[in-house]
Amino acid sequence: MRAVLTLTAILLTATAARAAEYLPVCEKCLNPRITTKTGAATSAAKAEAVVVAEDAAAWCAVNRPRDAYCAREEVKNGGDGGRKSYQASANCTTGVLQSMDGYEYRVTGTWPDGPGRGRPMLRDTGGNARSWKTTVSGYGVARSEWDRYGGYSLTGQWEVLCGSSTPKATAQAGAGPPTKAAAVASTEWLAVCSRCPAPAVSAKSGIGTARAVAEARMTAEELKGGCSDTEPQSVSACVRL
């Protein structure tokens, strides 16, 4: 009888975990479970999440089965995101996401290919799009090759808060007078790094050939966005440099 009750408890726990929602840090991460979500699909969507003991135990059973203290430490440290609590918010109308990594991103259309194909694609304030999997250094063998806050994470956060559709302003870019959001969506950049301001492509030729060439320029507005993140106390001086 005890074995039956134990198996029943395990099945109920697994069912509850599958029904839960998460703010995704990465595909293989111990992700925080959403505890509160309000304003979904509105201009004031918000979610709060934490790593719970139930999820930590399941993750540890697969990744660190010999570590008796794994689940307790994961809950204490907040899983792979390294936070005791997580918050993400979005304006689903204008396409702006305040990610749980503390940065702002904008929906600029959908992923053209790869595992995210057809799903909302977001760029940072410098116009850079994170790769679907951004490799980072972690601790432990399992974590050393995991992606954290890459395109998968940003797209997942947006979908949790706003659903899978892109904002009307993005989806209908070009249907009327050009807007700032539409301009951002149609602009191409030469990426420097995942958090760097990127120069906008001003001319290109020979695309798809052996003599492909692209020229790009950095505008003051793009520099201002990057400086606001790196040197918020001296944005003007940063832009001049």
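You'll find the structure just up there.
What you are looking at is a predicted structure, and each value in this text was computed from that prediction instead of being measured. (Residues numbered from 1 in each chain as written. Predicted model: local features only at pLDDT ≥ 70, side-chain atom pairs only at ≥ 80, totals over all residues. Heavy atoms only, no water.)

Caption draft 1: Local environment of the packing of helix α2 (residues 53-63) against helix α3 (residues 70-77). Running from N to C, α2 and α3 cross one another at 130 degrees; their axes reach a closest spacing of 8 Å. One element, α2, and the other, α3, form an angle in the oblique class. Relative to α3, α2 is oriented so that their crossing is right-handed. The residues of α3 that touch α2, namely those facing Ala 53, Ala 56, Ala 57, Trp 59 and Cys 60, are Cys 70, Ala 71, Glu 74 and Val 75. Grouping the amino acids of the contact of α2 with α3 by side-chain chemistry returns eight nonpolar, no polar and one charged. (Axes fitted to C-alpha atoms, helices over the stretch in contact; angles between N-to-C directions. Helix = DSSP H or I, 4+ residues; strand = E, 2+ residues; numbered from the N terminus. Parallel < 35°, antiparallel > 145°, perpendicular 65-115°, else oblique. Left-handed = near helix turned anticlockwise from the far one by under 90°. Contact = heavy atoms within 4.5 Å. Nonpolar A, V, L, I, M, F, W, Y, C, P; charged D, E, K, R; others polar.)

Caption draft 2: Representation of the environment of Glu 159 in the model. One can find Glu 159 in helix α4 (residues 151-162). Between the C-alpha atom of Glu 159 and that of Ala 40, which follows or precedes it by 119 residues, the distance is 9.7 Å. Non-local contacts of Glu 159, meaning those with residues more than four positions away in its chain, are made with Arg 119, Pro 120 and Ser 164. A polar atom in the side chain of Glu 159 sits 2.6 Å from the side chain of Arg 119. (Polar contact = N/O pair within 3.5 Å; in protein donor to acceptor, adjacent residues only side chain to side chain.)

Caption draft 3: Region of interest: the packing of aromatic side chains. For the structure on display, the rule yields two aromatic pairs. Relative to Tyr 152, the ring of Trp 132 has its centre 5.7 Å away and its plane inclined at 80 degrees; by these criteria the two rings are edge-to-face. One end of the pair, Trp 132, is in the loop between β6 (120-124) and α4; the other, Tyr 152, is in helix α4, and 20 residues separate them in sequence. For the pair Trp 132 and Tyr 152, one class covers both residues: buried. Ring pairing ties together the aromatic residues Trp 111, Trp 132 and Tyr 152, which thus form one cluster. (Phe/Tyr/Trp six-rings, centres within 6.5 Å; stacked < 30°, edge-to-face > 60°. Buried < 20%, exposed > 50% of the residue type's maximum accessible area, 1.4 Å probe, protein only.)

Caption draft 4: Focus on the sheet that holds strand β5 (residues 104-110). Here six strands make up an open sheet; going across it, the order is β1-β2-β3-β4-β5-β6 and the pairing antiparallel. Both edges of this open sheet fall to β1 (33-38) and β6, since each of them pairs with a single strand only. Direction aside, the axes of adjacent strands within the sheet are offset by 25 degrees on average. Where β1 and strand β2 (residues 45-50) come together, five bridges link them in antiparallel fashion. Counterpart to Ile 34 in the pairing with β2 is Ala 49. Across the sheet, α4 is in contact with β1, β2, β3 (86-91), β4 (96-98), β5 and β6; its angle to β3 comes to roughly 70 degrees. (Pairing = 2+ DSSP bridges.)

Caption draft 5: Spotlight on the nonpolar core. Ranked by size, the top nonpolar core spans 29 residues in total, and within it Leu 23, Tyr 86, Trp 158 and Leu 161 carry the most contacts. Of all the elements in the fold, those that place two or more residues in this core are β2, α2, β3, β5 and α4. Top contributing element to this core by residue count: α4, with five residues. In this structure, Trp 158 is in contact with Ala 90, Asn 91, Cys 92, Gly 95, Val 96, Leu 97, Val 107, Pro 120, Leu 122, Gly 163, Ser 165 and Pro 167, ignoring residues within four places of it in sequence. (Core = buried A, V, L, I, M, F, W, Y, C linked by side-chain atoms within 4.5 Å.)

Caption draft 6: Quick peek at α4. Look at α4: 16 Å from first C-alpha to last across twelve residues, which is about the 16 Å you get at 1.5 Å a residue. In terms of burial, α4 is a largely internal element, eleven of the twelve residues being buried. Those residues of α4 lying buried are Gly 151, Tyr 152, Ser 153, Leu 154, Thr 155, Gly 156, Gln 157, Trp 158, Val 160, Leu 161 and Cys 162. The first or second residue beyond α4 is Gly 163, which carries a positive phi of 90 degrees. (Expected span 1.5 Å × (residues − 1).)

Caption draft 7: The state of the cysteines, seen in detail. Summed over the entire model, instances satisfying the criterion amount to three disulfides. Here Cys 60 is linked by a disulfide to Cys 70, with a sulfur-sulfur distance of 1.9 Å. Taking the sign of the S-S torsion, about -75 degrees here, the bridge from Cys 60 to Cys 70 comes out left-handed. Placement of the pair is Cys 60 in helix α2 and Cys 70 in helix α3, with a sequence separation of ten residues. We classify Cys 60 as buried; its relative accessible area is 6%. Disulfide pairing places Cys 92 opposite Cys 162 at an S-S distance of 1.9 Å. Measuring handedness by torsion sign, the sulfur bridge of Cys 92 and Cys 162 sits at about -75 degrees and is left-handed. (Disulfide = S-S within 2.5 Å.)

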